[in-house]
Amino acid sequence: MIPGLHSVGHEHECLVDPQEVLGMGFHITQPGSSVATSLIDGEAKLKHVLLLEIKENQYCPTKIPLKSVKPFEYAKVILKEEADIEPNDQSSVLEHLDKVVWIFLSHFH
């Protein structure tokens with residue numbers, strides 16, 4: 001273990017920049033997964049890996065953006081806030097959700 005640095009790898013969102021934990025005397029980095037593992041907003045953000053250069057009890061972090069991560073889009077759809085649908089009408093709901101999906105797919109062409 002490097003004095004003053006802790007790494008936690010279970011987070012979904014990539015929080016790779018070491019952050020000081022106030023009053024505790026150490027920094028923490030949460031690189032998360034290099035691929036999308038859950039259907040949450042944090043997974044849609046840019047993924048990085050952390051190159052950690054260590055010499056004696058000092059460290060130098062270098063954040064490297066991943067270029068080959070599969071794209072992930074995330075949106076919150078609140079049916080009662082959508083003007084073009086009737087929330088209790090399954091047909092209009094499905095039509096609206098179909099439009100949302102096609103908008104996402106158009107981002108990848």
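The paragraphs below set out a description of the structure included in this document.

Reading the values: rules and limits
- Residues numbered from 1 in each chain as written.
- Predicted model: local features only at pLDDT ≥ 70, side-chain atom pairs only at ≥ 80, totals over all residues.
- Heavy atoms only, no water.
- Pairing = 2+ DSSP bridges.
- Helix = DSSP H or I, 4+ residues; strand = E, 2+ residues; numbered from the N terminus.
- Salt bridge = Lys/Arg side-chain N within 4 Å of Asp/Glu carboxyl O.
- Buried < 20%, exposed > 50% of the residue type's maximum accessible area, 1.4 Å probe, protein only.
- Contact = heavy atoms within 4.5 Å.
- Expected span 1.5 Å × (residues − 1).
- Arc of directions from axis to C-beta.

**Things to note about the pairing of strand β5 (residues 58-65)**
Inference 1: Here 8 bridges tie strand β4 (residues 48-55) to β5, and the two strands are oriented antiparallel to one another. Paired with L52 across the strands is P61, a residue of β5.
Inference 2: Between β4 and the antiparallel strand that follows it, β5, lie 2 residues; E56 among them carries a positive phi value of about 55°.

**A closer look at the pattern of salt bridges**
Inference 1: Counted by the stated rule, this structure contains 1 salt bridge.
Inference 2: Between K63 and D17 there is a salt bridge, with its nearest N and O atoms 3.2 Å apart. Linking K63 in strand β5 with D17 in strand β2 (residues 15-21), this pair joins segments that are 46 residues apart in sequence.
Inference 3: Residue classification places K63 among the partly exposed positions, given a relative accessible area of 38%.

**Quick word on the environment of K45**
Inference 1: Turning to its location among the elements, K45 is positioned in the loop between β3 (26-30) and β4.
Inference 2: Its relative accessible area of 41% is what places K45 among the partly exposed residues.

**Side note on the side chain of H96**
Inference 1: Relative to the helices and strands, H96 is located in helix α1 (residues 90-106).
Inference 2: On the basis of relative accessible area, H96 is assigned to the buried category, the value being 8%.
Inference 3: Among residues more than four places away in sequence, those in contact with H96 are V77, E82, D84 and I85.

**What to know about α1**
Inference 1: Between its first and last C-alpha atoms α1 spans 24 Å; for 17 residues at 1.5 Å apiece the expected length is 24 Å, and the two agree.
Inference 2: Turning to α1, its buried residues number three or more, namely S92, V93, H96 and V100. Along the axis of α1, the buried positions cluster into a sector of 105°, meaning they face one direction only. More than 90 degrees from the buried face of α1, the exposed residues found are Q90 and W102.

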